[in-house]
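This is what each chain is made of:
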There are 2 protein chains.
Amino acid sequence: MSTLRPVAGLAGRLSSSVIKPPLFPRYPRFPHFSSTLSTPPRRPFHRTRLVARYAAYACLSTAFGVFVIGTGILLHDAFTYTEKHANRVPISPLALHPESGGPKNLPIVRVLVDDEEDEENARLADKPKLVIIGGGWGAMGVLDTLHVGDYHVTVVSSETFTTFTPLLPSAAVGTVQVRSLVEPIRKIIARLHGHFVQGKAVDLVMSERLLEVETKTYDGGTTNVYIPYDKLVIAVGSTSSTHGVPGLENCFQLKTIADAQAIRRRIMDNFEMASLPTISPEERKRLLSFVICGGGPTGVETAAEIDDFCQEDIMRYFPKICREEVSIHVIQSREHILNTYSEAISKYAERKFKRDGVNLVTSARVSAVDKETVTYTTKDRDGKTVKHVIPTNFVLWSTGIAMNPFTKRVTDILPNQVHKKAIVVDAHLRVKGAPLGDIYALGDSATVETSVVSHFMDLVEEADKDNNGKINFEEWKIMVKRIKARIPMAEDHLIEVRALFDMYDKDMDNNLSLNELVPLLQDLEKRLTALPATAQVASQQGKYIGKKLHKLARRSQAAQLNNMRPPNDEEVCKPFRYLHLGSLAYIGNAAVFDLGGYSLMGGLAAMYAWRSIYWNEQVSARTRGLLMTDWIIRGVWGRDLSRL
Amino acid sequence: MSTLRPVAGLAGRLSSSVIKPPLFPRYPRFPHFSSTLSTPPRRPFHRTRLVARYAAYACLSTAFGVFVIGTGILLHDAFTYTEKHANRVPISPLALHPESGGPKNLPIVRVLVDDEEDEENARLADKPKLVIIGGGWGAMGVLDTLHVGDYHVTVVSSETFTTFTPLLPSAAVGTVQVRSLVEPIRKIIARLHGHFVQGKAVDLVMSERLLEVETKTYDGGTTNVYIPYDKLVIAVGSTSSTHGVPGLENCFQLKTIADAQAIRRRIMDNFEMASLPTISPEERKRLLSFVICGGGPTGVETAAEIDDFCQEDIMRYFPKICREEVSIHVIQSREHILNTYSEAISKYAERKFKRDGVNLVTSARVSAVDKETVTYTTKDRDGKTVKHVIPTNFVLWSTGIAMNPFTKRVTDILPNQVHKKAIVVDAHLRVKGAPLGDIYALGDSATVETSVVSHFMDLVEEADKDNNGKINFEEWKIMVKRIKARIPMAEDHLIEVRALFDMYDKDMDNNLSLNELVPLLQDLEKRLTALPATAQVASQQGKYIGKKLHKLARRSQAAQLNNMRPPNDEEVCKPFRYLHLGSLAYIGNAAVFDLGGYSLMGGLAAMYAWRSIYWNEQVSARTRGLLMTDWIIRGVWGRDLSRL
């Protein structure tokens, strides 16, 4: 113990000179033990000191963590800034001066300007050309599951970025920034060494595999080119519809970033003008009246966000009379809002809105909109139509989609597809009527065929094993399997196999004759509804196509090496099957989740779950970071009130 | 030591059962001491394990810190979301229906709509009315140093936010988001329970203390009101000048957020169009040519940011030919760029630009701009004018300020101020010619009088103690003090007191006669230059006025209680003295600092210092958070390439 003695001595000297406490006390010393052995002064237990100490630890850990991150970024920066230059970039003369051709004699862009600029790109220049039209959920889904090296990928889109549409209502009110919802397409295709052309698809030459694209020129005009393809994916989406309501040019819509920005400016203008000393009380009430037409998720979320905005930021920074005079109206044509969700959820949302003071008008139709009012009609008990007018300075039209012009053009040139609302595709998402396997379509621009009857003869041939022209129960089970394979959507309606068989076996001979079979298939067909036009559907379809294209590429390469014919889609993949993961909606510091059989409704906790799901669904880590920051900044400092 | 034995025993049992190591080894054990005393197996020193352990600590600390922050926010949210409603808000009928009056018989807004809505506001409604026109650096400076409870404060501005102008070049290229540079004025005045009116000041009625303000109406028109004031601060700033160069409507400017957004869209359009397959090589070169007219800080920083953008993001995500064809030109009329900085700094910046490949054209004047080219002239050795033309699709005009229309109106109605370039104020920043103490002006809209000669008789009277009509050296020293007190700017020119005295004492009689004194004061006056029109000057002037207004309010209240007359500005404050803290500029992953006598130039470290200073200068914690995030996000994921 010799080394310890000096330490002990030092400790002794540091403490009071009168008492020399023993270094290791034998028993805990209690005040009532009077003893000649002096006890060290007991440090009293200070709760606040403990809390302070832990708070200090927390601050120190955070500071340390931030320091580490900061140093990391410093080092990253130090190695990222490059003094490289791009000199004598290899580029094909064909890229600089393309040859003309095709029916309209336009330049055919066989080689792009960046096709040969480095090794990676040069290697891909000879691969089959995959052209994707569109920049939304469908196109991003395809890009997500493609593999590098399979195709020379080109994306054609009129906007240079993809938008995270579910959070547009949040951006329209300023809860998140518009920039947190966009990701430049060039960054997404970088992984695949893909190429991007900013333009609008206008026409298609299927015989020569040419896509006609309209691009901008510097003086504001346009010029068209042909882009050749080996495989084409149409993901152009839909535009907004007008439903024939007069005055819709006075309304806002919420489909794009530009919409969200315009809505935000109008909302801020309304509040600023309402705060002016020059406004009459009637005018103030009109300026602060917000009408949302449509009780689906978009409309409900926008109403909820506006209400939050009033409760939190308007209350704090604007004259309180602004808060008092605000009125929010939601006009829904059906009997309930969120009617595509479960009933429990509809009722929950309605109760919440009532509590928040949002004016819910159901079973009402908007008949006209002008610059200063909205007119809607309801039916009273006698069935008479009653007119109502709301003075307003903000109307959001959140219902209805219409066909994209390119989609219309494609349906016009396809045989048997005129007058369709979307491009008809088969269960493998191949466009029907186009050379098989060349063109795919997905999302809002496509509709999966639900015609069971058209497969009638094939189904009978495959199932009727004993060739007696009738289908007994065993053969019926085979036929059910074949139907499900061709049209997976039918699965939900083909569960009660025995009951269906009996129901349509009119003559009760335990056989389905062809006469009995046709009505069965027709009724089945009637029950099949098209997939909803949602981001989830487009995203899943896109990922399916991406995976399939990868498999096709690999099998094609293998087949080529072995001098075999390239594979079909059916040989490579099952048909597309949509899995509904659930629907969410934000209803004002609360959220609802419809997860198929289960519904989840709740307050703050549900709202954080809602945020987590959307946060996870972001298309890149960068937007995740931006979104998290937006929510933190808004939580600490409130929304941004500037009118930009 | 009895309590220790069980512990020792436990330690012994925990370690290997064969050896019983002593608890306190006497000497450090070296491997070459073979001995019967067995040594505990030495743990080998693993450097990687140590690094891994510290990395783990860092991650854990950060995670812990984030967890603490997250919990904090959760708790904050849980207590912030309020279900409060604003009901029956107290509001004066005079606020809803103001009376009309004044020369133009407009509504006089004596009471605002939020004047009585709660206790705090009601208490301030009777205080003297302070009206601040403007929302820039000057106005924010005033708001920064005012104290709650002194005045009923109203801010009149045409934009609802204040802009952090030094970082506009960064926002114009997308390095930071435009929203990180704005702070809503309503949030800044909340501390003072102030009021905000979105409108434009157009006229002034000094005799009745009325400010005429033009506000927007919902249908796009305007309506005017009078806002009464007791004290008025004019901080409207300046607008851009055209210098008489034809074609300036084809140029961009960089004064506001809207400018930065427009520039960003044009830059992205240029790169996207240059990537199209339809562009000819000549057209591509033109699209990628960026011309900046003006070699001051704004122009230099914008050129540097565009160059960074090309090096980092364009290089990675656009066809490399875009990078190759880019050319950046800076046209400066003087001989050096950054000529208001020290010479060392000018040279450093020029060398850096040369290294980066930026084309610097000095001693050149821009003669014309059209949609596709810029024409400038230089003089060759013989003095002949040579014309040069640069094909371009982007021209930034970054020189020259002009008078704000309201400033012009004020100088028109003030006696002796017609044809001035800004409102003349005295050393206390009071507008000369207005009722003394009513109206202040600062920043770009004001110029501090530098007329020494106009104080001649007062100075002589104060200094000539022996009343002999001559000023001897002792009296000269008194006069120097009096000059410095009235015009602090003169201080730098009055250091060599004795030398000045001798220089102007032509008849060498050790006395300055009045005839000798006048040329001295005239020459002094010529040397005094106006303060530069920078953010720093406006900010310091604003803070000075805010402090002074606070002191005046307190002394006025005290004087009122004691039945004394209210104090003058001179009794309360010294005249305004500008302290130049230095100038910074960012020149492309490097920064320069001109700190009066010292210059600091450097690379990454200087850039971080530059960022720290700007980060600290932010007007609110919220914008600091946003800015930090922008820099982090950009550091990790690069700039945003979307064209919004």
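Treat the numbers as computed from the prediction; the structure is a model and nothing was measured.

Trainee: Before we move on, can you summarise the overall build of chain A with the specific residues and values?
Mentor: Along its length, chain A carries 21 helices and 28 strands. Burial analysis of chain A (644 residues in total) assigns 50% to the buried set. Sequence separation of at least 24 residues holds for 63% of the intrachain contacts in chain A that already meet a minimum separation of 6. Carbon and sulfur atoms form 56% of the exposed surface of chain A, whose accessible area is close to 31,000 Å².

Trainee: Would you mind going over the pairing of strand β26 (residues 583–586) of chain A in detail, with residue names and values included?
Mentor: All names here are of chain A. Taking every second residue as pointing to the same face, both faces of β26 are buried, with Ser583 and Ala585 on one and Leu584 and Tyr586 on the other. Pairing of β26 with strand β27 (residues 591–595) involves 4 bridges; the strand directions are antiparallel. Along β27, the bridge assignment pairs Leu584 with Phe593.

Trainee: An account of the side chain of Asp269(B) is requested, with residue identities and associated values reported.
Mentor: As for its position among the elements, Asp269(B) is in helix α8 (residues 257–274). Asp269(B) has contacts with Lys216(A) and Arg643(B), leaving out every residue within four places of it along the chain.

Trainee: How would you explain the interface of chain B and chain A if you had to name every residue and give the values?
Mentor: Counting residues at the interface gives 106 residues for chain B, matched by 103 residues for chain A. Of the roughly 9,700 Å² buried between chain B and chain A on both sides combined, carbon and sulfur atoms contribute 62%. The interface formed by chain B and chain A contains 4 salt bridges. We note a salt bridge from Asp269(A) to Lys216(B), for which the minimum N-O separation is 3.7 Å. Put simply, chain B and chain A have 8 residue pairs in polar contact (both at pLDDT 80 or more) between them. When residues in the side of chain B that touches chain A are grouped by element, the largest group, 12 residues, is from helix α2 (residues 47–80) of chain B. Tallied by class, residues from the side of chain B that touches chain A come to 52 nonpolar, 25 polar and 29 charged.

Trainee: Residue-level account of the packing of aromatic side chains, with values.
Mentor: Under the counting rule described, the total for this entry stands at 16 aromatic pairs over all chains. Summarising the aromatic geometry, the rings of Phe473(A) and Phe501(A) are spaced 5.3 Å apart at their centres and angled 75° between planes, so their arrangement reads as edge-to-face. Of this pair, Phe473(A) sits in helix α15 (residues 473–486) while Phe501(A) sits in helix α16 (residues 497–504), and the two are 28 residues apart along the sequence. According to the relative accessible area criterion, Phe501(A) is buried, its value standing at 0%. In this structure an aromatic cluster arises from ring pairing among Phe252(A), Phe271(A), Phe290(A), Phe309(A), Phe318(A) and Phe394(A). Seen from the ring of Phe318(A), Arg186(B) lies directly overhead, with NZ or CZ sitting 4.1 Å from the centre.

Definitions and limits used
- Residues numbered from 1 in each chain as written.
- Chains lettered and ligands numbered in written order.
- Predicted model: local features only at pLDDT ≥ 70, side-chain atom pairs only at ≥ 80, totals over all residues.
- Heavy atoms only, no water.
- Helix = DSSP H or I, 4+ residues; strand = E, 2+ residues; numbered from the N terminus.
- Buried < 20%, exposed > 50% of the residue type's maximum accessible area, 1.4 Å probe, protein only.
- Contact = heavy atoms within 4.5 Å.
- Areas by Shrake-Rupley, 256 points an atom, 1.4 Å probe, with all protein chains shown as cover.
- Pairing = 2+ DSSP bridges.
- Buried area = accessible area lost by both parts, 1.4 Å probe.
- Salt bridge = Lys/Arg side-chain N within 4 Å of Asp/Glu carboxyl O.
- Polar contact = N/O pair within 3.5 Å; in protein donor to acceptor, adjacent residues only side chain to side chain.
- Nonpolar A, V, L, I, M, F, W, Y, C, P; charged D, E, K, R; others polar.
- Phe/Tyr/Trp six-rings, centres within 6.5 Å; stacked < 30°, edge-to-face > 60°.
- Lys NZ or Arg CZ within 6 Å of the ring centre and 35° of its normal.

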